[in-house]
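A structural walkthrough
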Amino acid sequence: MIKHHPFSDHPLVPQPPTITHQSPKDYIIDPRENIIIHCEAKGKPHPSFSWTRNGTHFDVDNDPSVSMKAHSGTLVVDISREKVENYEGVYQCTARNKHGTAVSNNIVVRQSIAFSALRALLEGSPLWSKEKIKPIVVQEGVSLVLPCRPPAGLPPPIIFWMDNNFQRLPQSRRVSQSLNGDLYFSNVRREDSRSDYICYARFPHTQTIQQKQPINVRVLNLDAINDTMADFYNDTDLFSEAPVDERRPTFLIPSGSSSSKMVLRGHVLEMECIAEGLPTPEISWTKVSGDLPARRTSFLHYNKTLRIVNVSESDAGDYRCTAKNQLGAVHHTIHVSVKAAPYWISGPPINLVLAPRENGVLTCRASGTPKPSITWSMNGIPIENSPKDVGRKVEDDTIIFTEVQTGSSAVYQCNISNDYGYLLSNAFVNVLSEPPRVLTPANKVYQVIKNHQALIDCASFGSPIPKITWFKGSRSISLDGDPYITHDNGTLEIHVAQAQNSGKYTCVARNSLGIYENHVHLEVKEPTRILKQPEYKVVQRGRSVVFECKVKHDPSLIPTMTWLKDDGELPDDERLIVDSDSLTITEVTENDAGVYTCIMNTTLDHDSASAELTVVEATPTPAVVYERPDPPTDLELTDQKKRSVQLTWTPGDEHNSLIQKFLIQYEDSLHHRGHWHNLTEVPGTRTTAHLKLSPYVHYTFRVLALNAMGFSRPSFPSRMYKTDPAAPDENPTGVEGFGTEHNNLVISWKPLSGFQANGPGLHYKVMWRQKALDSEWTTVTVANNSKFVVLGTPTFVPYELKVQAVNDHGDGPEPKIAEGYSGEDLPIAAPENVQAIIVNSTLAEVHWDPVPLHLIRGHLKGYKVYYWRKHSLHKHNPDHMEKDILTFSGNHTRGMLPGLHPFSLYSFNVRVYNGKGEGPPSPTQQFKMPEGVPGPPSSLLVSNPNLDSLTLEWGPPHDRNGHITGYTLKYQPVNNSNELGPVEEVALAANETSITLPTLKYSTRYKFYLNAKTVTGPGPAITQEVVPIMDEAVASRQVDIATQGWFIGLMCAIALLILILLIICFIQRNKGGKYPVKEKEDAHTDPEFQPMKDDDCTFVEYSDNEDHKPLKGSRTPSNGTVKRDDSDDSLVDYGEGGDGQFNEDGSFIGQYSGKSASRDTAEGHESSEAPSPINAMNSLNSFV
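Criteria and cut-off values
- Residues numbered from 1 in each chain as written.
- Predicted model: local features only at pLDDT ≥ 70, side-chain atom pairs only at ≥ 80, totals over all residues.
- Heavy atoms only, no water.
- Helix = DSSP H or I, 4+ residues; strand = E, 2+ residues; numbered from the N terminus.
- Buried < 20%, exposed > 50% of the residue type's maximum accessible area, 1.4 Å probe, protein only.
- Contact = heavy atoms within 4.5 Å.
- Areas by Shrake-Rupley, 256 points an atom, 1.4 Å probe, with all protein chains shown as cover.
- Phe/Tyr/Trp six-rings, centres within 6.5 Å; stacked < 30°, edge-to-face > 60°.
- Lys NZ or Arg CZ within 6 Å of the ring centre and 35° of its normal.
- Disulfide = S-S within 2.5 Å.
- Salt bridge = Lys/Arg side-chain N within 4 Å of Asp/Glu carboxyl O.
- Pairing = 2+ DSSP bridges.
- Axes fitted to C-alpha atoms, helices over the stretch in contact; angles between N-to-C directions.
- Patch = residues over 30% accessible without salt bridge, like charges linked within 9 Å, V, L, I, M, F, W, Y side chains within 5 Å.
- Core = buried A, V, L, I, M, F, W, Y, C linked by side-chain atoms within 4.5 Å.
- Polar contact = N/O pair within 3.5 Å; in protein donor to acceptor, adjacent residues only side chain to side chain.
- pLDDT = per-residue confidence, 0-100.

Let's talk about the overall build of the protein chain
Along the backbone of the protein chain there are nine helices and 91 strands. Taking all 1184 residues of the protein chain together, 42% fall into the buried category. Residue pairs at least 24 apart in sequence account for 66% of intrachain contacts in the protein chain once pairs closer than 6 positions are excluded. Approximately 62,300 Å² of the protein chain is accessible, and the part contributed by carbon and sulfur atoms is 50%.

Encoded structure:
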């Protein structure tokens, strides 16, 4: 018989079908998405698939809405054209090839009740009745129950109480929520008065939340109730009219003195007791018939709920809850009965691979409460209706196969059921007749280091299982004795490889159908050893130092020398010179001090050695020479006993540095010749050491002395001292148990060295037993190995392990018990009660219930949340399918999903994972992220700039993150010093994409800020700066005037006249008198005459220091302007229009029109502009 043949999955080997993946038995679907019913199988040849629905054949080809994936049995139902209800039912998948037929579980496909409720809500039918709930008035101190009564859901909704602001209502020992969602008050207080007690129900599958009508509760004392009775009598429920005194507890739930409850094995048991009373009672729990399981028990809701997870049969019995306050106590007893759906005792039946005329057994061993019934099928047909087979005998949960025949391969189904569930398992019997084959590559070369373990593979398959025989060289004698060990999988082991073990090896695989040979080669290499190690150095700063590292290695291996400083890479410094066998450091500094290590690596091994460098200050005068001590001499062994000996020696010269200690080393020439090991240390003042020894060792000793400069050279070795063999003093350490497959247990340990063996013939007693069953120990003897594989174990079961050392002289001490687990398998359950809570527009929190440990089937590593953004909630947005994964190590039950996109639809599921891998995902759920603030507008452009206006155009934000409710435009002027002026703000509608601003100042720089808004708030702004400019008509008029010939001539004449006036002014001032034209000035009455000031040569009356009055007949207007009459020539009359302006660059546009009152008013008499030529001409007319 072959169980789990290691190569039964080989592509050349025929194999009946095996179901590898299927949907869960109870498959709740989302009617908004296509239905996918999984069915995957393997086999050789690849199987074909068919389905039944509600017990009859389901014709996939005749239903246009149903398709089957290629090379798979997975069904995909397109619900876009059909109602989901049309595809609810019980489905079963069949996978068959010519060697047999495998069937899946019955998969019940149905939609959640919550989806039906959601549809009713969308069609206008409320989930909760909208009846008016009357206000409740209660007297302070009485008990109160606020009912919730949520709509039904599959799975049931999650209930919580909140207020109008969506804040959870506080709960305590006095106020708490029951398991059915009602809110209980053990006694009410005045502060419990509020009008917004709201019960919410969240349906996980639909990701919807429904709320009940708010409940108004008023708590009054007796006097207040009497005062307000008339006001509330008609529309208010009034409770407890009598005065409330302190009272002993009574139970609100459950009622009576006792009750009963049934729970299924492996499920969660929850019991609650809620009591009323004043003062508030305290709740406690006990188990009448035993102790509460501490590791599986928790108390919730302020001790009102007792919760036991992973219920077992031992949890059945009577539980008592006690409510107690100062006035007394009350008890309630709950009788718990535990039933069990069928469960495997030693795992499902294992596939059999048999050769013709071999025998085998299929076992389908399960338990349950009540005891389940077992039925067998072959290739999906009840076995009593299958073709008779004299070599097959059914005995309850076992099928016995005797001398199977070629062609009798089949898949057997074992169905175990009771009132609470069923188990269905497929196991094939594959009858093969295959000659042996060896899969290890031919002429493969194995290389090992001398004195190390050598393992040479011979991987093979065949039916019957081939027998493996090894030969070396000429094949004269098979290798079945010391030092060779042949393992069950065909591997040849040489525990301590030597040079003579090199050569060609032949692996022969033989069964009744043939022989197959394969040749491989073993090369045993010399170890790499450092012959001359670097030595401790003390070097003066500025000097050079050399560390030597001479190495011996196998000439066929390529060595690589590496140097480290303080376990790190050498500094990148040209002062450090690395040669093939040394390290040189020139011009040593203080930073060079440290530990230097040379490492010699080859492809097979390595060796290393270290030495310390100490840097000291250079001394100008000769100092005392300090050196390492000379080696000790005259080693002598005395007081020789079985387990001890006394060693004495004579110290060598100290060389001006006291000896700090002596190091004693030994060589074991029996087990490890050529290697020296540290044995003990003694202070430098002693020259004798009492040495404790081990049995069966050939000791040779040497001594090294240490002073401040380092160790001396070793002394010459002592004579050899041999100890007698004895039983082992210790057992192997590091005993571990783990599985490499789901049905095995690998027991491993750290083997004893030859030094620890204490004698010849070392081997190990390996013992194990299941921890929970407390059964007898199973024992095997293992030699020349450090592990043993136990096959056929149940999946992930705790074991107790012991490994004891034994040699030819007796057993070692009683070993300690270690614990381990058999192999893990993938988890078979997904987290339940998965839900997502929105924290803000970019952050969500995922919650889930932990997967029961027995369904994890391995060491819990943590949970993984797969989530992906389906699409934005804006219309016409494509789906995004890139998935993100967040891993939460350990036994977490919630995790945060950061960095989400606002206003988006997300899908997610949660998976538990163990050391083997991930379990199935929880049903994929969705949640919607709320709106967030939008991003900045995509663009902000300026168009149609004019003298005092411009137009702004913009595009909506790329990231809207919600519905845009409008835009805000702010703008302000900016002066030449980059100082900002007052801000103007304009509110814009969401559908606007441009605006014209008509009242801007020309030639002024403006800064604009534009941002978008959603209901959440405004987003970041986009900015733009611009300067309004003049239109081209005005600019062209300016150019036309400035280029006229008459204008140039006029300017020259004005300049000449001003020069003459300046000369006359200068002459008159030098004379110290008044102008000779004084009389004409006095007689002049022209009101437009402009006096000239002395400081800027404008016309004023000259006066000495005693006369500050203005010239007679002259007038200076208070606003600093000079008027002209109609007879005066105006340059404006020669232009192309009136009302000239000054351009910003000072160019002329009606510059000399004389109409500059506003400018003069702003600048005053301190203006630095030149005097107006028109005013000067008027003054000249009056002067002459």
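With respect to the packing of aromatic side chains
Tallying each qualifying case throughout the model produces 24 aromatic pairs. Note on F185 and Y197: the rings are 5.9 Å apart at their centroids and 80° apart in plane angle, and the pair reads as edge-to-face. With F185 in strand β17 (residues 183-185) and Y197 in strand β18 (residues 194-203), the pair connects residues that are 12 residues apart, well separated along the chain. These aromatic residues form a ring-pair network of at least three members: Y666, Y699, F701 and F755. We note K25 situated over the ring of Y422; from NZ or CZ to the ring centre the distance is 4.0 Å.

Focus on the state of the cysteines
Applying the stated criterion across every chain, the model contains six disulfides. Through a disulfide, C148 is tied to C199; the S-S separation comes to 1.9 Å. With the S-S bond torsion at -65°, the cross-link from C148 to C199 turns out left-handed. In this pair, C148 is assigned in the loop between β14 (144-146) and β15 (158-162) and C199 in strand β18, connecting sequence segments 51 residues apart. By relative accessible area, which is 1% here, C199 ends up buried. The disulfide partner of C458 is C507, and the S-S distance across this bridge is 1.6 Å. In this pair, C458 is assigned in the loop between β42 (454-456) and β43 (460-463) and C507 in strand β47 (residues 503-511), connecting sequence segments 49 residues apart. In this structure C507 comes out as buried when scored by relative accessible area, which is 1%. Ordinal numbering of bonded cysteines along the protein chain defines a disulfide pattern of 1-2, 3-4, 5-6, 7-8, 9-10, 11-12.

With respect to the pattern of salt bridges
Evaluation of the coordinates by the stated rule reveals 34 salt bridges. The closest approach of N and O atoms between E819 and K771, which form a salt bridge, is 2.7 Å. Of the two residues, E819 is situated in strand β74 (residues 818-821) and K771 in the loop between β69 (763-770) and β70 (778-782); the sequence distance between them amounts to 48 residues. The exposure class of K771 is partly exposed, given its relative accessible area of 37%. Residue R857 pairs with D825 through a salt bridge whose shortest N-O separation is 3.4 Å.

A few points about the sheet that holds strand β83 (residues 950-957)
What the three strands build is an open sheet, ordered β82-β83-β86; its pairing is antiparallel. If you trace the sheet from one side to the other, it starts and ends with β82 (937-943) and β86 (994-997), each paired once. When the angles between neighbouring strand axes are averaged without regard to direction, this sheet yields 20°.

Thoughts on a nonpolar patch on the surface
Taken together, the side chains of L1056, L1057, L1059, I1060, I1063, I1064, F1066 and I1067 present a nonpolar region at the surface, about 730 Å² in accessible area. Counting through the fold element by element, I1063 comes out in helix α6 (residues 1045-1071). Relative accessible area serves as the criterion here: at 47%, I1063 is assigned to the partly exposed category.

Looking at the nonpolar core
If you look at the biggest cluster of nonpolar residues, it comprises 29 residues, and the most contacted ones within it are I35, I37, W51 and V109. With residues near it in sequence (within four places) discarded, I37 still touches S23, Y27, W51, G73, T74, L75, Y91, I107 and V109.

Let's talk about the environment of E191
Here E191 lies in the loop between β17 and β18. Residue E191 is classed as exposed on the basis of its relative accessible area of 55%.

As for unusual backbone geometry
Following L278, the chain continues into P279 via a peptide bond in cis, with omega recorded as 5°. By secondary structure assignment, the location of P279 is in the loop between β25 (274-278) and β26 (282-287). The linkage connecting S463 with the following residue, P464, adopts the cis geometry, with an omega of 5°. Looking at the secondary structure, you find P464 in the loop between β43 and β44 (467-472). One non-glycine residue, H71, lies in positive phi territory at about 55°. Inspection of the secondary structure puts H71 in the loop between β8 (66-68) and β9 (75-77).

Considerations on the sheet that holds strand β60 (residues 644-650)
Taking strand neighbours across the sheet as the criterion, the three strands line up as β59-β60-β63 in an open arrangement whose pairing is antiparallel. One side of each edge strand has no neighbouring strand; the edge strands of this open sheet are β59 (633-638) and β63 (688-692). Put simply, the sheet's adjacent strands are angled 25° from each other on average, direction ignored. Taken together, the five bridges between β60 and β63 define a ladder with antiparallel strand orientation. Across the sheet, residue T648 finds its bridge partner in β63, namely T688.

Thoughts on the side chain of D668
You can see D668 is positioned in strand β61 (residues 661-668). Polar contacts involving the side chain of D668 include one to the main-chain amide nitrogen of L670, which spans 3.1 Å.

Here's the deal with the confidence of the model for the protein chain
With 83% of its residues at a pLDDT of 70 or more, the protein chain has an overall mean of 83. Confidence drops under pLDDT 50 across residues 121-126; counting only partners more than four residues distant or on other chains, this segment forms four contacts. With pLDDT under 50 throughout, residues 1073-1184 is counted as low confidence; its partners more than four residues away or in other chains account for 119 contacts.

Things to note about the pairing of strand β6 (residues 48-53)
Residues F49, W51 and R53 of β6 are buried on one face, while the alternating residues S48, S50 and T52, pointing to the opposite face, are not. Between the antiparallel neighbours β6 and strand β7 (residues 56-58) lie two residues, among them N54 with a positive phi of about 55°.

Brief notes about the environment of T778
Structurally, the position occupied by T778 is in strand β70. Relative accessible area serves as the criterion here: at 37%, T778 is assigned to the partly exposed category. Here the alpha-carbon distance between T778 and M767, two residues 11 residues apart in the chain, equals 5.4 Å. Those residues in contact with T778 that sit more than four places away from it in its chain are V766, M767 and W768.

Considerations on the environment of S775
Among the structural elements, S775 can be located in the loop between β69 and β70. On the basis of relative accessibility, which here comes to 30%, the residue S775 falls in the partly exposed class. Non-local contacts of S775, meaning those with residues more than four positions away in its chain, are made with R769 and Q770.

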